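# A structural walkthrough
Given next are the chains, with one letter for each unit.
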Number of protein chains: 4
Amino acid sequence: MAKLQMGLVGGGEGAFIGAVHRMAAELDGRVALTCGAFSSNPAKSRRAGVALYGIDAQRSYGTYGEMMAAEAGRPDDDRMDFVVIATPNHTHHPIARAALDAGFHVMSDKPATFDLAEAKELAALADEKDLVFGLTHNYTGYPMVKEARHLVRSGAFGDVRRVVVEYIQGWLAEREEATGNKQAEWRTDPARSGAAGCMGDIGTHGENLAEYVTGLKIESLCADLTTFVPGRRLEDDGNVLLRFAGGAKGVLFASQIAVGEENGLKLRVYGETGGLEWSQMEPNSLIVRWPDRPYEVRRTGGPGVGEAATGATRLPAGHPEGFLEAFAVLYRNFADTLDAKRAGKKPTEENLDFPTIADGVRGMAFIETVVASAEAGATWLDFRT
Amino acid sequence: MAKLQMGLVGGGEGAFIGAVHRMAAELDGRVALTCGAFSSNPAKSRRAGVALYGIDAQRSYGTYGEMMAAEAGRPDDDRMDFVVIATPNHTHHPIARAALDAGFHVMSDKPATFDLAEAKELAALADEKDLVFGLTHNYTGYPMVKEARHLVRSGAFGDVRRVVVEYIQGWLAEREEATGNKQAEWRTDPARSGAAGCMGDIGTHGENLAEYVTGLKIESLCADLTTFVPGRRLEDDGNVLLRFAGGAKGVLFASQIAVGEENGLKLRVYGETGGLEWSQMEPNSLIVRWPDRPYEVRRTGGPGVGEAATGATRLPAGHPEGFLEAFAVLYRNFADTLDAKRAGKKPTEENLDFPTIADGVRGMAFIETVVASAEAGATWLDFRT
Amino acid sequence: MAKLQMGLVGGGEGAFIGAVHRMAAELDGRVALTCGAFSSNPAKSRRAGVALYGIDAQRSYGTYGEMMAAEAGRPDDDRMDFVVIATPNHTHHPIARAALDAGFHVMSDKPATFDLAEAKELAALADEKDLVFGLTHNYTGYPMVKEARHLVRSGAFGDVRRVVVEYIQGWLAEREEATGNKQAEWRTDPARSGAAGCMGDIGTHGENLAEYVTGLKIESLCADLTTFVPGRRLEDDGNVLLRFAGGAKGVLFASQIAVGEENGLKLRVYGETGGLEWSQMEPNSLIVRWPDRPYEVRRTGGPGVGEAATGATRLPAGHPEGFLEAFAVLYRNFADTLDAKRAGKKPTEENLDFPTIADGVRGMAFIETVVASAEAGATWLDFRT
Amino acid sequence: MAKLQMGLVGGGEGAFIGAVHRMAAELDGRVALTCGAFSSNPAKSRRAGVALYGIDAQRSYGTYGEMMAAEAGRPDDDRMDFVVIATPNHTHHPIARAALDAGFHVMSDKPATFDLAEAKELAALADEKDLVFGLTHNYTGYPMVKEARHLVRSGAFGDVRRVVVEYIQGWLAEREEATGNKQAEWRTDPARSGAAGCMGDIGTHGENLAEYVTGLKIESLCADLTTFVPGRRLEDDGNVLLRFAGGAKGVLFASQIAVGEENGLKLRVYGETGGLEWSQMEPNSLIVRWPDRPYEVRRTGGPGVGEAATGATRLPAGHPEGFLEAFAVLYRNFADTLDAKRAGKKPTEENLDFPTIADGVRGMAFIETVVASAEAGATWLDFRT
């Protein structure tokens, strides 16, 4: 089957996430970046496609609207199959809506949208149009995350009791947004980022990872959010107590002012008869603890690992797979799903193992709930979507 | 100067903590265990002294009251100097009170007492009688904890912003108290343990460590406590949001149902310009993070470490010091303080670097506050002592 | 500039290294796999190109000879630029020779050839034809290996005194070659692998890494090689004493029977005033030790790291880069070199930072010397190329 | 039974190892330091006993000869039971000989003596007099070393194939002996240290550990020793190839110029069906690897650990035990052996699990063999005792 054609919105000069999408999407030879609108400045946008990505000038569009229209008009066997959205949060909704309206599948950066209402609207629209809407909660693509999920869901630990999920970074410990850092600028700007800063940018990854692995839904929460850096307009740190449906308890904390921390996403889950620990900083190891025998370390590509992890592994054990490879697992499953649909088949459960706009709705609800809780003085609120 | 004589209350057959006190107290050759009352059963008590500790039969007492009386009557240069209390919580107060009344210094297990009122009474009494009252928040004795404290307090990180302290164990993941395990029995019994289970037993260590290292006081908290094991009468798990005086925020969590975890006390502190991480499981390393250079690992006995840590170190770098050695640092400083007093001198700040009943008052207030918060549905309460 | 066109020899059904080359070469968008000869069976070869790599049927050749001829006859702006050799060792020389004779640049798997004479011949031929001949000692592509090299070569440690390099695996602890495992079959077959098994397959990586980082040349060595698995025809384990020009000493050991080890390549270097440690299993950390201050951990993408490492890094710190990314650094520099030549420019030192047939000559000399040493009873031999 | 009385030779001002012996010997309440001769200067010696160790002035002797005579003349139930030798190597033999001649058991620092002949003589003498002669290869006292030994010897891994043992330090990377450091002075002085420097001081620990854990004997070796620091009179670094009886192969390397390394003793053993790794720097973990399941980490005090390890463990899992505790395991077993003899019983195999002068003979043979091998240009020599 021919490669799927991907159109990228965003990812112009200075935006590292655009290159990440390109590398991850193309890694398995299933997808080709063939068109895009890379900047809100049309001239820059056209230049970037050619200069940064080696795309034909005629498919390096000035705007995403132009792209949707032009691509929709191309022949069936040589046009964009899906749109990747790699832009600041406030633009996700209009771009995604335009893509869906034009009949294109979507893979979008998280958090899904600017607010919850927008995410719900997109979910409904994708559903109505029977289009696939992926969301890059990319950390779920790691083989050892899939192994963790398999272990918990297979009942190896009995009922889950305690969850600890943390995501700590240090890059915003100073007022980086005042130094010309574009990544910091929009993330700390309420008009572009949404109701939350840190909690939207990375807290939602924590929320998603915890729910993905445990299969449990957060039922209520109590959030204490703080803006530590003077002059910053959105919170840069937060601590959240969690209660899950069924009785598990948890803590989620996220920070962008934890000086010296790089990208410390870490999950711990404890059930009645076992527990696990996974850290994104050393993603190829999964520590599994038991009450009555030594703890074990399951490894990407290693022995004793289940099918879900193995299916997300490209190399033999000991050949470290990293961030890009995990990101690429999302794209591979997304591509499998699209290919199944192209072939008129029903995507399998394996094909569909990637985050979607449904996760995005939960993420946006998480943002709105933690912000509301914090504004009410860190009180308990139900978590509803 | 002659060795200080120590009288041990508790530590009979099957109580590992008695041996810990003996080994730790005697390690530096400053203290000798010379008498004790080791069991609430007088016959067993008398036998234990001789059989377990090689103490003279005449100083192996049947009860602690007997011990206080007899030792007080011995000659000045050959009698007990201080009492060690290594018994369940509900007996701390009467024993300590008897010791203070009889004019003996005290080193007590934590939490200080059964409730806050008792702790306050003991603090006042020790003060009134000018007696020294140590408390075995033993983790503060590790050299790298002292280095952490030195770093934070020297201002190396600027103001502290975020604190994460956790203490997780798995040994009570099942109903251990129903199996004849005496340690589990009293710790889960409200009549002997006090208002809290897990939070009293290990949560207070977390609270103490965080305050010791940062020098900050918890100002208010919100605690969600849970009893996961069916039939258990006290909580075995808890998550607490913290607010410190001065604006720092934090999370404290403790669990005794985290299957497979051994004794996972861990502290992370982040300030404006640096951060640190210390874990009791690998206690000779202190990770120190900076915004602008690689993170460093300070080591017990290693280069670049300050005087407080060096003063608590007995061996060259690379000769691992452990739990007993840290415990023994408390005893050494306690002995230094007692010796200073014996010599009619004022103990130095270094001498006095061990936890006392003042910490015990805070610990008991912590217990009462987290329990009250949890009972009120995990709401915010001021933390007052 | 248009993407460079790569022709792959090898990499058919069941050969994971072919996919590795494809992913690594294409990662940075500089190279496209456009043709190949994937199997020694012409029919299988033609099928594989289309089925495994999505290559045009007309450029999925039956043999590499066919490929060289056909591609040489294509128009200048649409033909293969270089040949990738991903086949068993005994075929490297004929394929490489054919490629060079036909005027194509080469990127070859290691060890370079079946024996030293072949490697020297290829080196001379590439030189004579002014063609670029890369060799996939891929571990030199890791950012932290480049940082290590920078540190040592900048003189930060003074003269190097001690080197320890090890590469241990466990996958051949049993007679895997008797189970139908093709990777094991040819690697343990003297007719296909060459004079050495383990030492050729992974020992040469160790030799290359040590020389790359330190800039020192092995001057003499003493090797004790062993075949532990009964029935195996080549050694599967070896220990080698090293003496470097200038007086440094070292140890190199490699094993494929170290049960449970995955891909344990690790280098330690100690100079007069500092030392370092790097492990392929956690490749994004470089431990740097000093005599008078805490050890530090330099990180891929992290602060305090030099230009060579930064130039080989694609993502911000904390986004783990792995085996494929490091492999892709070789391809990127190789592509930069080819592009410079296409553009009529002299490649820079940065462009040329990838292993070449000159390293291959050293690697083959290493193999012949360790085998000769071992056969002579593990005696010292000069290491000459 | 009354405490065993220990007499210490050495351990005066500035000698940390004396305090180590005191703490380790007394830790379990089985031994009391009651007399000694602490310095070669009689006046200093007498003062040290009182000032450093709180010993009675009358039992703080001026010389070890004086001590032997005086203690031999004391009543049976109140005299020294054994002599601890904590002095430079060249004095071990005369002191030990005097002790044995006077009828005292001995616990001596390693290496056993100045040369092999002396060690053999002591072994014969101890045997003849039926006296116990322990040797402080203290690293064998760690619980996880005992677990490693149990695993290998129980056949869990099949036949051992490969052994890697290393011991690297950095404290002699500069000419420390020229700075007044007494520890460095005698260790680098051929007249006091013996034929070897680094290999005697720490290499012998490696040799002992490898043989203790595997139960295999080194049969021949090839050693390349180097003196890196200008002006130093003994080697400070060495690499040794090992061949064991039965066919296992190994590498031993030791260094005191590995800048920044603390006390890096590490052992790896690989058999046919499993392998293990233990590091003194994190001594409470033992990594155990298997071909067909995830690797496991056995822990001091943790589940799934055998009796030998459990018997050497004092605290529950997660309460780190360190260097002193391991050292004290030797003393405890030594005391058990002496007590058995006092009681007229035959010591059990558990009692006798401590290194003796027989290990010392092997250690001295190791030193002489590596030195002879190195002097002959790093050639193979048989290892005979």
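Residues numbered from 1 in each chain as written. Chains lettered and ligands numbered in written order. Predicted model: local features only at pLDDT ≥ 70, side-chain atom pairs only at ≥ 80, totals over all residues. Heavy atoms only, no water.

### Some remarks on the overall build of chain A
- Counting its regular elements, chain A contains twelve helices and 14 strands.
- The globule rule puts the C-alpha radius of gyration for 385 residues at 21 Å, and the 20 Å found for chain A is close to it.
- The C-alpha extent of chain A, read off along each of the three principal axes, is 65 × 50 × 40 Å.
- Put simply, chain A has 385 residues, and 65% of those count as buried.
- The long-range fraction of contacts in chain A, counting pairs at least 24 apart against all pairs at least 6 apart in sequence, stands at 68%.
- Total accessible area computed for chain A in this model is approximately 12700 Å², and 49% of it derives from carbon and sulfur atoms.
- In chain A, 41 side chains carry a positive charge and 53 a negative one; their mean positions are 1 Å apart. (Helix = DSSP H or I, 4+ residues; strand = E, 2+ residues; numbered from the N terminus. Rg over C-alpha atoms; globule rule 2.2 N^0.38 Å. Buried < 20%, exposed > 50% of the residue type's maximum accessible area, 1.4 Å probe, protein only. Contact = heavy atoms within 4.5 Å. Areas by Shrake-Rupley, 256 points an atom, 1.4 Å probe, with all protein chains shown as cover. Lys, Arg positive; Asp, Glu negative; His and termini not counted. Charge placed at Lys NZ, Arg CZ, Asp CG, Glu CD.)

### Re the interface of chain A and chain B
- Between chain A and chain B, the residue contacts involve 46 residues of the former and 46 residues of the latter.
- Area buried by chain A at its contact with chain B is led by Arg161, Arg162 and Val259 of chain A, which between them contribute 21% of it.
- In this structure, the connection of chain A to chain B is made through ten salt bridges.
- Of the charged contacts in the structure, one is a salt bridge between Arg289 of chain A and Glu261 of chain B, with a shortest N-O distance of 2.9 Å.
- Residue contributions to the side of chain A that touches chain B peak at seven residues, all from strand S8 (residues 237–244) of chain A.
- For the side of chain A that touches chain B, the per-class residue count stands at 21 nonpolar, twelve polar and 13 charged. (Buried area = accessible area lost by both parts, 1.4 Å probe. Salt bridge = Lys/Arg side-chain N within 4 Å of Asp/Glu carboxyl O. Nonpolar A, V, L, I, M, F, W, Y, C, P; charged D, E, K, R; others polar.)

### Observations regarding the relation of the copies chain A and chain B
- Relative to chain B, chain A is turned by 180° and slid 0.0 Å along the rotation axis, the superposed coordinates differing by an RMSD of 0.0 Å. The superposition of one copy onto the other is thereby described by a two-fold rotation axis. Every residue of chain A has its C-alpha some distance from the rotation axis, and the shortest such distance is that of Thr379 of chain A, at 3.5 Å.
- When the interface residues of chain A are mapped onto chain B, 100% of them again fall at the interface, so both copies present the same face. (Least-squares fit on C-alpha atoms with pLDDT ≥ 70 in both.)

### Some points on the sheet that holds strand S1 (residues 4–10) of chain D
Residue and element names in this part refer to chain D.
- Judged by pairing direction, the sheet is parallel, and its five strands sit side by side in the order S2-S1-S3-S4-S5 without closing on themselves. Of all strands in the sheet, those bounded by a partner on one side alone are strand S2 (31–37) and strand S5 (133–135). Pairwise comparison of adjacent strand axes, ignoring direction, gives a mean angle of 25° for this sheet.
- Pairing geometry for strand S3 (residues 82–86) and strand S4 (residues 105–108), over four bridges, is parallel. When the bridges of S4 are listed, Val84 appears paired with Met107. (Pairing = 2+ DSSP bridges. Axes fitted to C-alpha atoms, helices over the stretch in contact; angles between N-to-C directions.)

### Description of the interface of chain B and chain D
- Listed as interface residues are 28 residues of chain B and, on the opposing side, 28 residues of chain D.
- Here chain B meets chain D over a buried area of about 2400 Å², counting both sides, of which 59% is carbon and sulfur.
- Summed over the three residues of chain B that lose the most area to chain D, namely Leu27, Glu262 and Pro320 of chain B, the buried surface amounts to 22% of that side.
- Counting the contacts that link chain B with chain D gives two salt bridges.
- Counting across the interface, chain B meets chain D through twelve residue pairs in polar contact (both at pLDDT 80 or more).
- Elements with a contribution of two residues or more to the side of chain B that touches chain D: helix H1 (16–26) and helix H11 (323–342) of chain B.
- The element contributing the most residues to the side of chain B that touches chain D is H1 of chain B, with five residues.
- Partitioning the side of chain B that touches chain D into residue classes produces 14 nonpolar, six polar and eight charged. (Polar contact = N/O pair within 3.5 Å; in protein donor to acceptor, adjacent residues only side chain to side chain.)

### Observations regarding the relation of the copies chain B and chain D
- The operation relating chain B to chain D is a screw motion whose rotation component is 180°, with 0.0 Å of axial translation and a residual RMSD of 0.0 Å.
- A symmetric contact is evident, with 100% of the interface residues of chain B recurring at the interface of chain D.

### With respect to the pattern of salt bridges
- Inspection of every chain in the model, using the stated rule, returns 152 salt bridges over all chains.
- Residue Arg362 of chain A pairs with Glu211 of chain A through a salt bridge whose shortest N-O separation is 2.5 Å. Linking Arg362 of chain A in helix H12 (residues 357–375) with Glu211 of chain A in helix H9 (residues 198–214), this pair joins segments that are 151 residues apart in sequence.
- Given the relative accessible area of 13%, Arg362 of chain A is considered buried.
- The partner of Arg79 of chain D in a salt bridge is Asp76 of chain D, with the nearest N and O atoms 3.1 Å apart.
- A relative accessible area of 25% places Arg79 of chain D in the partly exposed class.
- Salt bridges linked by common partners bring Arg30, Asp336, Asp339 and Arg342 of chain A together as one network.

### Considering the packing of H1 of chain B against H11 of chain B
All names here are of chain B.
- Running from amino to carboxyl end, H1 crosses H11 at an angle of 65°, the nearest separation of the two axes being 8 Å. Here H11 runs roughly perpendicular to H1, going by the angle between their axes. The handedness of the crossing between H1 and H11 is right-handed. On H11, the residues that touch Ile17, Val20, His21, Met23, Ala24 and Ala25 of H1 are Phe323, Leu324, Phe327, Ala328 and Tyr331. (Parallel < 35°, antiparallel > 145°, perpendicular 65-115°, else oblique. Left-handed = near helix turned anticlockwise from the far one by under 90°.)

### Overview of the environment of Arg47 of chain B
Residues and elements named next belong to chain B.
- Counting through the fold element by element, Arg47 comes out in helix H2 (residues 42–53).
- A relative accessible area of 54% means that Arg47 is categorised as exposed.
- Each C-alpha atom of the pair Arg47 and Ala57 lies 7.9 Å from the other, and the pair is ten residues apart in sequence.

### A look at helix H12 (residues 357–375) of chain D
- For H12 of chain D, spanning 19 residues, the distance from its first C-alpha to its last is 27 Å, which sits close to the expected 27 Å at 1.5 Å a residue.
- Gly377 of chain D sits one or two residues past H12 of chain D and shows a positive phi near 90°. (Expected span 1.5 Å × (residues − 1).)

### Points about the confidence of the model for chain A
- When the pLDDT values of chain A are averaged, the result is 97; 100% of them are 70 or greater.
- In the predicted complex, the global pTM is 0.98; the interface-specific ipTM is 0.97. (pLDDT = per-residue confidence, 0-100.)

### Some remarks on the sheet that holds strand S2 (residues 31–37) of chain C
Residue and element names in this part refer to chain C.
- Taking strand neighbours across the sheet as the criterion, the five strands line up as S2-S1-S3-S4-S5 in an open arrangement whose pairing is parallel. Since the sheet does not close on itself, it has two edges, and those belong to S2 and strand S5 (133–135), each with one partner. Between one strand axis and the next, the sheet turns by 25° as a mean value, whatever way the strands run.
- One ladder, built from six bridges, connects strand S1 (residues 4–10) with S2; its direction is parallel. Paired with Gly7 across the bridge in S2 is Cys35.
- On top of the sheet, helix H11 (residues 323–342) reaches S1, S2, strand S3 (82–86), strand S4 (105–108) and S5; it is set at about 175° to S4, its chief contact.

### Quick word on the nonpolar core
- If you look at the biggest cluster of nonpolar residues, it comprises 208 residues, and the most contacted ones within it are Phe82 of chain B together with Phe82 of chain D.
- Once you skip the residues sitting within four places of it in the chain, Phe82 of chain B turns out to touch Leu4, Gln5, Met6, Gly7, Val31, His105, Val106, Met107, Tyr331, Phe334 and Leu338 of chain B.
- Formed by 207 residues, the second largest nonpolar core is a distinct cluster that contains Ala210, Leu324 and Val371 of chain A together with Leu330 of chain C. (Core = buried A, V, L, I, M, F, W, Y, C linked by side-chain atoms within 4.5 Å.)

### Focus on the side chain of Asn138 of chain A
Residue and element names in this part refer to chain A.
- Following the sequence through the fold, Asn138 ends up in the loop between strand S5 (133–135) and helix H6 (143–153).
- The exposure class of Asn138 is buried, given its relative accessible area of 4%.
- Look past the residues within four positions of Asn138 in its chain and what remains in contact with it is His205, Phe323, Ala326, Phe327 and Leu330.

### Topic: helix H4 (residues 92–101) of chain D
Residues and elements named next belong to chain D.
- Taken together, the buried positions of H4 are His92, His93, Ile95, Ala96, Ala99 and Leu100. Taken down its axis, H4 places every buried residue within 165° of arc, on the same side.
- The secondary structure elements touched by the buried residues of H4 are S1, helix H3 (64–72), S3, S4, helix H5 (116–129) and S5.
- Where H4 ends, the next residue or the one after it, Gly103, has phi of about 90°, a positive value. (Arc of directions from axis to C-beta.)

### Re unusual backbone geometry
All names here are of chain B.
- Between Lys110 and Pro111 the backbone carries a cis peptide bond, its omega angle lying at -10°.
- Mapped onto the elements, Pro111 comes out in the loop between strand S4 (105–108) and helix H5 (116–129).
- Phi is positive for Ala378, which is not a glycine, with a value near 65°.
- Judged by its relative accessible area of 2%, Ala378 falls in the buried class.

### A look at the pairing of S8 of chain A
All names here are of chain A.
- Taking burial as the measure, the eight residues of S8 include seven buried ones, the bulk of the element.
- Sheet analysis places strand S7 (residues 218–226) next to S8, joined by eight bridges and oriented antiparallel. For Ser220, the partnering residue across the bridge sits in S8 and is Arg243.
- Looking at chain direction, S8 and strand S9 (residues 249–255) are connected through seven bridges and run antiparallel.

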